[in-house]
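Here is what each chain is made of, one letter per residue.
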Amino acid sequence: MTAGAYLLRFCVGVVPVFAFLGALAFIDSYKLVSFRRILRAVVWGCGAAGFCYLVNSAVVAGAGWDTFWYSRLGAPILEEVAKAIWIIWLIRTAQTGFMVDAAICGVATGAGFALVENATDLHLLGGSTLALWTLRGFGTAMMHGGTTAIVGVSAIYARASGRLNGIAAFVPGLLLAIAIHSAWNAAVLTPLEASITILLGLPVLFSVLFIVSEKSLRKWMGDKLDKDVELLRMISTGGFLDTNAGRYLRTLHRSLSPYIVGDMLCLLQVSLELSVRAKGDLMRREAGFPVEHDASVAAQLCELDFLTKSIGIAGRRALSPLLPFSQRDLWEMHRLSDPD
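Residues numbered from 1 in each chain as written. Predicted model: local features only at pLDDT ≥ 70, side-chain atom pairs only at ≥ 80, totals over all residues. Heavy atoms only, no water.

Visitor: Looking at this structure, I do not really get the packing of helix 4 (residues 74-92) against helix 7 (residues 171-185). What am I missing?
Guide: Each pair of packed helices can be described by the angle between their axes along with the distance between the axes. Where helix 4 contacts helix 7, the axes come no closer than 9 Å and their chain directions differ by 135°. Comparing their axes, helix 7 and helix 4 come out oblique. Between helix 4 and helix 7 lies a crossing of right-handed hand. For the pair helix 4 and helix 7, the contacting residues are Pro 76, Ile 77, Glu 79, Glu 80, Val 81 and Ala 84 in the first and Leu 174, Ala 177, Ile 178, His 181, Ser 182 and Asn 185 in the second. The class makeup of the residues in the contact of helix 4 with helix 7 is 7 nonpolar, 3 polar and 2 charged. (Axes fitted to C-alpha atoms, helices over the stretch in contact; angles between N-to-C directions. Helix = DSSP H or I, 4+ residues; strand = E, 2+ residues; numbered from the N terminus. Parallel < 35°, antiparallel > 145°, perpendicular 65-115°, else oblique. Left-handed = near helix turned anticlockwise from the far one by under 90°. Contact = heavy atoms within 4.5 Å. Nonpolar A, V, L, I, M, F, W, Y, C, P; charged D, E, K, R; others polar.)

See the structure below:
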């Protein structure tokens, strides 16, 4: 096979997936995922593919396992876990807070994985026709992106709904991803049927996902922004202590020192200011205005960290009814500390 034919086959198997990834990032009106984060996800996917190729080759050669069964049972588990580690880390560190950005990062990770896997498969299947390779290469790339996105989206949904927390939130999506991957390797459908199913199913799935996620984001921003602004207004005008929240804070004098209670009030104010700022940045992004980095944010984040440590575990637990740090609250703080 000539170099030109090799390049053509490689492009038709990979380029459409990156075009789909670019389309997802483009229609993300809030620009939740930066190009740098997408690039890191692609790089992780490439590394995961290289690692899995070495492990799969060593297992099959060393253990002498039948590739028929290993490709349907062992390889899907290894590959889906390797890809999912990146998504799990993003969500666990509050760098991803909504289904939209989880889906984009998942597709990017899968695209990177497919980039390496398709290059390897093309070397092994160089004699296949262009039509067959188009179905196999493009379908495989879309499958990898879709399954990894499913892991992230399902985890975000489980955590937001309160049904599952911690690592358990990732289990259902990971099991589903492994099942889809295993069915793909087992060729339950013909290459044409599988590719058409993915080609038609994924755009519909992600369209619904974007609609639901953006509605959720707008509702969360609107509801919480009103509450944050109202609390800030009451703190700045001195009317906070006459509210139910203020009266609750005053009762803590009985069990905590006045200095800690004072730091708790400062922590509440700084957190509200950062929360309002983060939501304002999101609204500017949606309207198409550039968001410039504010040097004062770093100082406020340092103050937030200092106050959090100052009030201690007991203070944080006592303050939790007034300042519940949900996954999305932590996510918006991360957006301020690392807007790119």
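Anyway, onward from the coordinates.
Visitor: What is the right way to look at the packing of aromatic side chains in this model?
Guide: Summed over the entire model, instances satisfying the criterion amount to 2 aromatic pairs. Pairwise contacts between aromatic rings join Trp 44, Trp 86 and Trp 89 into one cluster. Over the ring of Phe 113 we find Lys 83; its NZ or CZ atom is 5.5 Å from the centre of that ring. (Phe/Tyr/Trp six-rings, centres within 6.5 Å; stacked < 30°, edge-to-face > 60°. Lys NZ or Arg CZ within 6 Å of the ring centre and 35° of its normal.)

Visitor: How should the side chain of Thr 109 be read in this particular structure?
Guide: By secondary structure assignment, the location of Thr 109 is in helix 5 (residues 99-124). Excluding anything up to four places from it in sequence, Thr 109 contacts Ala 41, Trp 44, Gly 45, Lys 83, Trp 86, Ile 87 and Thr 148.

Visitor: What should I look at first to understand helix 9 (residues 244-251) in this one?
Guide: Given 3.6 residues per helical turn, the α-helix brings residues three or four places apart onto the same face. Taken residue by residue, helix 9 has Ala 245, Gly 246 and Leu 249 as its buried positions. Looking down the long axis of helix 9, one finds its buried residues gathered within 100° of arc, a one-sided arrangement. (Buried < 20%, exposed > 50% of the residue type's maximum accessible area, 1.4 Å probe, protein only. Arc of directions from axis to C-beta.)

Visitor: Looking at this structure, how should I read the pattern of salt bridges?
Guide: When charged atoms on two side chains of opposite charge get close, those side chains can pair. By the definition in use, this model includes 2 salt bridges. A salt bridge links Lys 83 to Glu 80; its shortest N-O distance comes to 3.1 Å. Here Lys 83 pairs with Glu 80, and both are found in helix 4, just 3 residues apart, close to one helical turn. Each of the two residues, Lys 83 as well as Glu 80, counts as buried. The salt bridge involving Asp 305 is made with Lys 309; its shortest N-O contact spans 3.3 Å. Placement of both Asp 305 and Lys 309 in helix 11 (residues 295-319) is noted, with a separation of 4 residues, approximately one turn of the helix. (Salt bridge = Lys/Arg side-chain N within 4 Å of Asp/Glu carboxyl O.)

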